[in-house]
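Chain by chain, the residues:
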Amino acid sequence: MVNALTIDVEDYFHVTAFERSVARDDWDKYSLRVEGNTEKVLDILEKKKIRATFFILGWVAERCPGLVREIGRRGHEIACHGYAHELIYRIGPERFRDDVRRAKALLEDTSGARVFGYRAPSYSITARSLWALDILVEEGFFYDSSIFPISHDIYGIPGGERFPHEIETQAGMIREFPMTTFPLRIGWWNPRLPVAGGGYLRLFPALLVGRAIKYINSHERQPAVVYFHPWEMDPGQPRIRAGLKSRFRHYLNLAKMEAKIDYLLEMLRFAPIRDIVGPGRDTN
């Protein structure tokens, strides 16, 4: 079974955890590390002959157009992560449309390739922002990978579908590749363990995450999605003053992340999302 490997291309100061500590108007004052960190990821994938989907922030694409072109040149899928990394349910439909339209145009003009996929900043397509799916269809996106079917203080649709499926909106059909969860059974309680990567991979042992995805592949006969950010493989990044919870979420086990990613890349088979649920592919 082939799984989707995805990289959310943003810098360390873009994350939602630091939005109260880093003003968006001050982003240009911070040193860019995203280019070097992403090139490191590209080199790792090149050695392993693995292709992935890169969800690129429009703000990054505008300042690092050569990086966008290099990602495409190496055979990876270029997809959209919005422009300004704002939570969808906060900015509303009009600003959301402007954000994705601007980012999609930037990525397509820079790369020369059509952008089919979208991932919301901090997975912020939730029950109160499902209207975003209609806008994505209207703006020419074929698939979305933003819904996390868990409970969380920032994102999540508890009880949502766990595997790739089609969603019929008023504007038309869009394919959804939700973030991967593993079903636990603890007596009467059936929680879902998030095993899609990112901070969860930094928190949990890589062996546990790998075995959970193997189980999903072999027993549930479904593909998983793994994600991470280039800054998660950069333990030397500047430290930002923020609350304890935010610092825990961002800085936990950064030094261990590269080895964990390497473990999963060796253990599992991966491809870009477009090769799994892309145009013309059957998601069932």
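Structure report, in brief. (Residues numbered from 1 in each chain as written. Predicted model: local features only at pLDDT ≥ 70, side-chain atom pairs only at ≥ 80, totals over all residues. Heavy atoms only, no water.)

### Focus: the overall build of the chain
Stated precisely, the cut-off is as follows: For helices the rule is a DSSP run of H or I covering at least 4 residues; for strands it is a run of E covering at least 2, with both sets numbered from the N terminus onward. Based on C-alpha atoms, the radius of gyration is set beside the globule rule, defined as 2.2 Å times the residue count to the power 0.38. Note on classification: 1.4 Å probe, protein chains only; a residue is buried when its accessible area is under 20% of the maximum for its type, exposed when over 50%, partly exposed between these limits. Note on areas: Shrake-Rupley, 1.4 Å probe, and residue coverage restricted to the protein chains presented here.
In terms of regular secondary structure, the chain is built from 10 helices and 11 strands. A compact globule built from 284 residues should have a C-alpha radius of gyration of about 19 Å, and the chain, at 18 Å, falls within 12% of that. Here the C-alpha coordinates of the chain stretch approximately 50 × 45 × 40 Å along the principal axes. For the chain, the proportion of its 284 residues judged to be buried stands at 58%. When the accessible surface of the chain is split by element, carbon and sulfur atoms take 49% of a total near 12,500 Å².

### What to know about the pairing of strand S3 (residues 77-80)
Operational definition: Two strands pair if DSSP finds at least two bridges between them.
The alternating pattern of S3 places Glu77 and Ala79 on one face and Ile78 and Cys80 on the opposite face, and all of these are buried. Of the pairings in the sheet, the one linking strand S2 (residues 53-56) to S3 comprises 4 bridges and is parallel in character. Looking at the pairing, phenylalanine 54 lines up with isoleucine 78 of S3.

### Details of the pattern of salt bridges
Our working rule: By salt bridge we mean one thing: a side-chain nitrogen of Lys or Arg within 4 Å of a carboxyl oxygen of Asp or Glu.
Applying the stated rule across the entire model yields 25 salt bridges. The partner of glutamate 62 in a salt bridge is arginine 63, and the shortest N-O contact between them spans 3.3 Å. Linking arginine 102 and glutamate 62 is a salt bridge whose minimum nitrogen-to-oxygen distance equals 3.7 Å. With arginine 102 in helix H4 (residues 88-111) and glutamate 62 in helix H2 (residues 58-63), this pair connects stretches of sequence that are 40 residues apart. Connected through shared salt-bridge partners, Asp28, Glu62, Arg63 and Arg102 make up one network.

### Digging into helix H5 (residues 131-138)
Three or four residues apart is the spacing at which side chains of an α-helix point the same way, because the helix has 3.6 residues per turn. Our working definition: The contact rule is simple, with two residues in contact once any of their heavy atoms fall within 4.5 Å.
The buried fraction of H5 is high, at 6 of 8 residues. If you check which residues of H5 are buried, you get Ala132, Leu133, Asp134, Ile135, Leu136 and Val137. The elements touched by buried residues of H5 are H4, strand S4 (117-118), strand S5 (143-144), strand S6 (165-169) and strand S7 (172-176). Once H5 finishes, glycine 140 follows within two positions and takes phi at roughly 90 degrees, a positive value.

### Details of unusual backbone geometry
For residues other than glycine, phi is negative in most cases, and the peptide bonds are mostly trans. In this structure, lysine 49 takes a positive phi of about 55 degrees despite not being glycine. With respect to the helices and strands, lysine 49 occurs in the loop between helix H1 (34-48) and S2. The class of lysine 49 is exposed, set by a relative accessible area of 72%.

### Observations regarding the packing of aromatic side chains
Heads up, the rule is: Any two of the Phe, Tyr and Trp rings considered here, Trp counted by its six-membered ring, make a pair once their centres fall within 6.5 Å; the pair's planes then place it as stacked at under 30 degrees, edge-to-face at over 60, or tilted in between. The criterion is that NZ of a Lys, or CZ of an Arg, lies within 6 Å of the ring centre and within 35 degrees of the ring normal, and then a charge sits over that ring.
Summed over all chains, the structure comprises 15 aromatic pairs. Relative to tyrosine 155, the ring of tyrosine 123 has its centre 5.5 Å away and its plane inclined at 75 degrees; by these criteria the two rings are edge-to-face. A residue pair is termed long-range when its members are at least 10 positions apart, and tyrosine 123 in the loop between S4 and H5 and tyrosine 155 in the loop between S5 and S6 qualify at 32 residues. Comparing tyrosine 123 with tyrosine 155 shows no difference in burial state: the two are buried. Sitting over the ring of tyrosine 89, arginine 128 keeps its end group 3.9 Å from the ring centre.

### Quick word on the nonpolar core
Note the following rule: Think of a nonpolar core as a cluster: buried Ala, Val, Leu, Ile, Met, Phe, Trp, Tyr and Cys residues, connected wherever their side-chain atoms sit within 4.5 Å.
Leu5, Phe54 and Tyr118 are the most contacted members of the largest nonpolar core, which totals 95 residues. It is H4 that contributes the most residues to this core, 7 residues altogether. Not counting residues up to four positions away in its chain, the partners in contact with leucine 5 are Leu45, Ile50, Ala52, Thr53, Val226, Phe228, Leu265, Phe270 and Ala271.

### Details of the environment of glutamate 138
As for its position among the elements, glutamate 138 is in helix H5. Classification of glutamate 138 as partly exposed rests on a relative accessible area of 47%. Sequence-wise, glutamate 138 and phenylalanine 228 are 90 residues apart; in three dimensions their C-alpha atoms are separated by 28 Å. The residues contacting glutamate 138, other than those within four sequence positions of it, are Arg97 and Ala171.

### Describing helix H7 (residues 206-219)
Stated precisely, the cut-off is as follows: Take the number of residues in a helix, subtract one, and multiply by 1.5 Å to get its expected span. The arc in question is formed by the directions pointing from the helix axis toward the C-beta atoms.
For H7, with 14 residues, the first-to-last C-alpha span of 20 Å sits near the 20 Å given by 1.5 Å per residue. Of all the residues in H7, the buried ones are Ala206, Val209, Gly210, Ala212, Ile213, Ile216 and Asn217. Looking straight down H7, one finds its buried side chains confined to an arc of 160 degrees; they lie on one side. Exposed residues pointing more than 90 degrees away from the buried face of H7 are listed as Arg211 and His219. Immediately beyond the C-terminal end of H7, within one or two residues, lies arginine 221, with a positive phi of roughly 55 degrees.

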